[in-house]
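Residue-level listing of the chains:
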There are 2 protein chains.
Amino acid sequence: MLRETPLYLRLNPADDVVIACRELEAGTNLLKEGVIVAERIPAGHKVATKAIAKDAPVHRYNQVIGFATRPIAAGAHVHVHNLEVRDFARDYAFGEVYQPTQFANPPATFQGIVRADGRVATRNYIGILSTVNCSATVAKYVAEQFRGDALKEFPNVDGVVPLVHTTGCGMGSTGEGIDILRRTLAGYARHANFAGVLIIGLGCEANQMDALVFTQGLEAGPLLSTMTIQDSGGTAKAVAEGVRRVKEMLPRANQVSRTTVPASHITVGLQCGGSDGYSGITANPALGAAVDLLVRNGGTAILSETPEIYGAEHLLTRRAVSKAVGQKIVDRIHWWEEYTAREKGEMNNNPSPGNKAGGLTTILEKSLGAVAKGGTTGLMDVYEYAKPVTAKGFVFMDTPGYDPVSATGQVAGGANLICFTTGRGSVYGCKPSPSLKLATNTPMFQRMEDDMDINCGEILDGSLSVQEAGARIFALMLETASGKPSKSEMHGFGADEFVPWQLGAVM
Amino acid sequence: MLRETPLYLRLNPADDVVIACRELEAGTNLLKEGVIVAERIPAGHKVATKAIAKDAPVHRYNQVIGFATRPIAAGAHVHVHNLEVRDFARDYAFGEVYQPTQFANPPATFQGIVRADGRVATRNYIGILSTVNCSATVAKYVAEQFRGDALKEFPNVDGVVPLVHTTGCGMGSTGEGIDILRRTLAGYARHANFAGVLIIGLGCEANQMDALVFTQGLEAGPLLSTMTIQDSGGTAKAVAEGVRRVKEMLPRANQVSRTTVPASHITVGLQCGGSDGYSGITANPALGAAVDLLVRNGGTAILSETPEIYGAEHLLTRRAVSKAVGQKIVDRIHWWEEYTAREKGEMNNNPSPGNKAGGLTTILEKSLGAVAKGGTTGLMDVYEYAKPVTAKGFVFMDTPGYDPVSATGQVAGGANLICFTTGRGSVYGCKPSPSLKLATNTPMFQRMEDDMDINCGEILDGSLSVQEAGARIFALMLETASGKPSKSEMHGFGADEFVPWQLGAVM
Ligand SMILES: [Ca+2]
Ligand SMILES: [Ca+2]
Ligand SMILES: [Ca+2]
Ligand SMILES: [Ca+2]
Ligand SMILES: [Ca+2]
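The rules we used
Residues numbered from 1 in each chain as written. Chains lettered and ligands numbered in written order. Predicted model: local features only at pLDDT ≥ 70, side-chain atom pairs only at ≥ 80, totals over all residues. Heavy atoms only, no water. UniProt positions renumbered as here; feature names shortened; annotations may be inferred. Least-squares fit on C-alpha atoms with pLDDT ≥ 70 in both. Contact = heavy atoms within 4.5 Å. Buried < 20%, exposed > 50% of the residue type's maximum accessible area, 1.4 Å probe, protein only. Helix = DSSP H or I, 4+ residues; strand = E, 2+ residues; numbered from the N terminus. Pairing = 2+ DSSP bridges. Buried area = accessible area lost by both parts, 1.4 Å probe. Salt bridge = Lys/Arg side-chain N within 4 Å of Asp/Glu carboxyl O. Donors = N, O, S within 2.8 Å, 3.2 Å for Na, K, Ca; no water. Domains from an automatic or database assignment. Polar contact = N/O pair within 3.5 Å; in protein donor to acceptor, adjacent residues only side chain to side chain. Nonpolar A, V, L, I, M, F, W, Y, C, P; charged D, E, K, R; others polar. Axes fitted to C-alpha atoms, helices over the stretch in contact; angles between N-to-C directions. Disulfide = S-S within 2.5 Å.

- The name that an unreviewed UniProt entry assigns to chain A is Galactarate dehydratase (L-threo-forming), with the source organism given as Usitatibacter rugosus.
- The record in UniProt for chain A states the following under Sequence similarities (unreviewed entry): "Belongs to the UxaA family."

1. Looking at the relation of the copies chain A and chain B
So, step 1. Its rotation angle being 180°, the transformation that places chain A on chain B also includes 0.0 Å of axial translation and leaves an RMSD of 0.0 Å. In symmetry terms, the pair is related by a two-fold rotation axis. It is A:Arg342 whose C-alpha, among those of chain A, lies nearest the rotation axis, at 2.8 Å.
So, step 2. When you check the interface residues of chain A against chain B, 100% turn up at the interface there too, and the contact is symmetric in its surfaces.

2. Considerations on the pairing of strand β18 (residues 300-303) of chain A
Residues and elements named next belong to chain A.
So, step 1. By the alternation rule, side chains of β18 split into Thr300 and Ile302 and Ala301 and Leu303, which are all buried.
So, step 2. Relative to β18, strand β17 (residues 267-272) runs parallel, the two being bridged by three bridges. Looking at the pairing, Thr267 lines up with Thr300 of β18.
So, step 3. By the bridge criterion, four bridges tie β18 to strand β20 (residues 393-397) in an arrangement that is parallel. Looking at the pairing, Ile302 lines up with Val395 of β20.

3. Looking at the interface of chain A and chain B
So, step 1. Counting residues at the interface gives 62 residues for chain A, matched by 62 residues for chain B.
So, step 2. Here chain A meets chain B over a buried area of about 4,800 Å², counting both sides, of which 52% is carbon and sulfur.
So, step 3. Among the residues of chain A in contact with chain B, A:Tyr402, A:Val506 and A:Met507 are the three that bury the most area, contributing 15% of the side total.
So, step 4. One salt bridge in this structure joins A:Asp496 and B:Lys140, with 3.1 Å as the shortest N-O distance.

4. So, the UniProt feature "domain: SAF" (unreviewed entry) in chain A
So, step 1. The positions that UniProt labels "domain: SAF" (unreviewed entry) are, in the present scheme, residues 15-84 of chain A.
So, step 2. Annotation note: span residues 15-84 of chain A, helix share 0%, strand share 36%, distance between end C-alpha atoms 17 Å.

5. Topic: the coordination of the calcium ion (ligand 1)
All names here are of chain A.
So, step 1. Cys272 (O), Cys272 (SG), Glu308 (OE) and Glu308 (OE) make up the full set of protein donors to the calcium ion (ligand 1), lying at 2.5 to 3.0 Å.
So, step 2. A distance of 3.4 Å spans the gap from the calcium ion (ligand 1) to the calcium ion (ligand 2), which Cys272 bridges by coordinating each metal. A residue pair is termed long-range when its members are at least 10 positions apart, and Cys272 in strand β17 and Glu308 in the loop between β18 and α7 (314-317) qualify at 36 residues.

6. A word on the domain arrangement of chain A
All names here are of chain A.
So, step 1. In terms of domains, chain A is made up of domain 1 (8-84), domain 2 (125-255) and domain 3 (267-491).
So, step 2. A separation of 29 Å is found between the C-alpha centroids of domain 2 and domain 3.
So, step 3. With both chains or domains summed, domain 2 and domain 3 bury close to 1,200 Å², and 58% of this area falls on carbon and sulfur atoms.
So, step 4. Contact with domain 3 buries area across many residues of domain 2, yet Arg183, Tyr188 and His191 alone supply 43% of it, more than any other trio.
So, step 5. At the junction of domain 2 with domain 3, the criterion picks out one salt bridge.
So, step 6. Where Arg342 meets Glu176, a salt bridge forms, and the shortest distance between an N and an O atom there is 3.6 Å.
So, step 7. There are five residue pairs in polar contact (both at pLDDT 80 or more) connecting domain 2 and domain 3.
So, step 8. At the level of secondary structure, the elements contributing two or more residues to the side of domain 2 that touches domain 3 comprise β13 (159-163) and α2 (176-189).
So, step 9. Taken together, the residues that form the side of domain 2 that touches domain 3 break down as six nonpolar, four polar and two charged.

7. Focus: the sheet that holds β13(A)
Residue and element names in this part refer to chain A.
So, step 1. Taking strand neighbours across the sheet as the criterion, the four strands line up as β13-β12-β14-β15 in an open arrangement whose pairing is parallel. Edge positions in the sheet fall to β13 and β15 (224-228), since each has one partner strand and no second. Across the sheet, the mean angle separating the axes of adjacent strands is 20° when strand polarity is ignored.
So, step 2. Sheet topology places strand β12 (residues 125-130) next to β13; five bridges connect them, and they run parallel. Looking at the pairing, Ile128 lines up with Pro162 of β13.

8. Let's talk about the state of the cysteines
Residues and elements named next belong to chain A.
So, step 1. A full pass over the atoms with the stated rule returns zero disulfides over all chains.
So, step 2. Between Cys21, a free cysteine, and Cys456, which holds the nearest cysteine sulfur, the sulfur-to-sulfur gap is 14 Å.
So, step 3. Using a relative accessible area of 15% as the deciding quantity, one classes Cys21 as buried.

Shown next, in the form of structure tokens:
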């Protein structure tokens with residue numbers, strides 16, 4: 001079904017501008033807006049839909065992207081000649097636009113797996129974790145014994161998944177690096193989507209098993225088992241022992257069923273990777289609309305990728321529920337400034353000349369492309385990487401922008417679903433939490449249809465509004481949380497995408 | 001066959017001391033040394049075997065470990081009360097003890113695979129590399145299609161190996177971090193042990209395929225193929241395309257045979273991991289003796305693990321063939337000081353109180369435990385991580401001490417064999433280069449016999465001298481290079497132990 005690209009996109013009813021979907025000539029009638037375009041507007045650029053007074057804030061996706069440097073008439077081009085960031089960027093205005101959430105009643109529901117302690121899972125795996133790279137192969141060999149028909153007596157177990165990594169030794173035995181690794185491993189060990197977890201170590205690594213268990217407050221038991229290769233007596237004996245322990249877990253792991261639970265048990269990690277010029281106007285705002293629906297239904301969404309909001313943290317501090325929550329973002333931004341300085345890198349998220357040619361005017365607007373995934377509701381809390389997410393609603397977790405590292409932190413924090421927008425076409429998948437991939441444009445969706453779950457390019461094609469796309473994503477979130485496999489799950493992705501954030505010297 | 005632990009060990013005929021294997025009472029007769037022990041010597045500590053003048057250097061494993069602070073009589077305990085480092089540690093004495101190698105004539109030989117360009121392989125794999133974590137799973141899926149019976153028509157192909165990693169994006173597109181990653185990937189892409197290599201990218205990663213190929217001077221062709229998932233149109237099509245390309249390589253890859261070639265075509269990477277109190281007196285000196293044999297037969301051995309020789313780089317600078325080569329080590333040491341300072345870590349390889357109680361007196365002696373793997377011949381060149389090793393003889397490559405990262409750099413540099421000493425019991429294995437594991441003690445060897453290739457603990461048991469153990473290791477090097485599988489190869493290790501050194505901020 002071919003449709004013509006619409007003339008423009010309205011991202012939010014409260015916006016002062018709409019986005020030209022193709023070059024607009026002076027005199028073009030933006031019918032639904034009741035506005036006549038006053039001058040030539042390049043594709044991707046902004047048109048004012050009402051008169052904006054000098055010094056007034058300009059909103060896109062219901063967030064401030066800058067201030068008018070002179071009066072702007074309805075129909076005028078809004079760009080660097082009449083829009084700038086100003087003091088906004090020096091004023092965190094903590095909580096200034098925070099609004100309590102209007103909750104849906106009754107809330108949406110899904111079919112979840114309720115654990116003995118009341119936590120709700122969206123999948124039911126057994127996980128094999130490694131303390132160190134030195135035990136990675138043994139962990140994989142244990143899991144390999146449960147491929148094929150090995151689980152046919154345990155139809156409620158989704159699989160036995162090895163999640164291994166490259167660090168765990170050659171690192172300080174105290175400090176930020178090992179703290180983050182331990183938090184990440186513990187977050188997975190505790191994840192509701194694992195019915196049982198076996199952690200395998202070598203024995204002499206810096207990331208000692210006892211210290212991992214003790215510092216993270218893990219409790220070994222029938223469904224959380226630990227062992228080392230050196231204690232077992234080498235590879236063959238360790239694999240045999242690991243297989244034995246997993247076999248012991250299987251009957252209990254299989255004793256689950258899905259029941260109707262409220263959407264408040266969904267925690268979704270928001271990701272974008274391989275973004276393109278459409279990310280900020282299709283998939284990211286659509287995902288944001290879905291997040292607003294999820295939050296109104298009691299659920300939780302985690303925005304991350306700190307380097308991609310750098311310089312526009314003000315977009316989030318204003319939405320904070322309290323000054324203390326807003327300040328946590330500012331603190332993490334300062335941490336990043338120090339980190340990149342010592343790594344001889346640089347934090348710089350300013351629009352490039354290419355960004356500006358494409359219609360992005362200010363750093364706020366550029367970052368809004370990433371922030372839009374988080375919708376518009378209040379920011380309820382801020383977490384360091386891989387820390388347990390306990391608040392409900394929209395929250396932020398500090399992570400790098402690099403997809404597998406960012407998502408690993410979110411899942412460690414409890415995300416039981418990932419929503420991942422992509423323009424260039426990522427094939428990312430996750431375990432133990434399913435990951436939905438949202439295409440920003442139709443050509444890529446069609447080219448990579450076996451990897452994409454939803455085509456947000458339809459927004460640009462004119463067959464779907466941002467709000468409609470958001471509703472479709474929210475519906476698929478509920479279905480996926482209820483057990484419907486995502487495209488990446490059908491392919492089997494997820495074992496090699498577990499990448500804990502590596503910080504500190506490799507010694 | 002039970003033997004009694006010998007009284008003491010002589011590590012090198014030129015040494016001024018021997019090592020007590022158990023506590024020695026005053027009056028004990030060290031028969032072969034013609035020395036009577038003058039006072040109680042704890043196990044692991046040193047006894048002088050001749051009179052040492054005040055200020056004279058004291059040698060262990062034919063290397064200076066310090067200077068006598070007073071006259072030391074034959075039979076006396078040598079430790080902190082009469083031995084110290086002094087000016088030695090401030091004088092690199094470049095080349096002072098360098099001696100040209102006395103080559104064996106004729107040299108030892110092995111059965112190697114001679115490539116069209118004259119390089120010699122010890123194994124014959126096809127490799128599947130990924131530019132970025134985002135293509136890791138597709139790389140693995142391609143390789144999985146060649147498990148089981150899939151290669152039965154190609155009996156000379158040892159396997160199709162996926163070597164994937166966790167980085168390649170969320171990093172600067174220039175700088176030290178990506179330089180090292182590209183060098184590492186290119187070193188593997190060029191490795192003689194790969195008959196053919198397929199490199200798979202996602203498409204939008206920082207580590208762009210074109211830049212990888214161009215900056216590293218790689219030449220695509222029938223046996224070096226590149227592709228991206230985005231160009232292929234997603235996971236399923238990329239896997240199919242990758243399988244097709246590997247199938248095209250197989251007939252040519254199978255056209256190999258082994259012929260007799262000189263040992264000069266062996267390049268061995270030296271590793272130790274999970275070291276213990278015996279490493280420095282059994283497996284490491286034994287490996288050093290084997291390296292001396294390899295070097296005299298024209299081969300190359302790469303010592304690495306810079307943090308473990310820190311503070312005792314003087315042991316190497318004195319052996320350097322030239323001041324320029326010695327200076328390269330000093331430069332890398334300064335790089336490490338800067339690196340660990342910015343990572344809030346610390347370079348400190350001084351003997352701890354526990355080390356001293358165990359008999360290690362000076363930082364030179366402690367580091368000698370690691371350096372001993374490198375034997376006693378001249379240091380012919382020094383390389384940065386993953387750079388191609390072109391010199392013959394004993395060389396140094398700057399790497400972290402962390403085993404998988406260190407060995408990955410050595411293999412990227414061309415190592416076609418790894419020799420790995422271990423006391424606690426590592427199960428490390430490598431692809432595409434076989435890895436031999438040398439146990440430092442008999443109890444661990446017996447406990448983990450399916451992972452250990454040689455028991456250097458026999459040196460302590462009295463059934464083997466250091467030189468005899470070295471000859472045994474050298475013989476097994478030749479056999480393994482000729483195709484005999486190592487223990488870790490029988491287990492199938494190596495795909496998850498490919499860990500390029502990650503430097504720089506994760507963004
Ligand atoms: Ca991104
Ligand atoms: Ca990202
Ligand atoms: Ca991995
Ligand atoms: Ca070591
Ligand atoms: Ca090591």
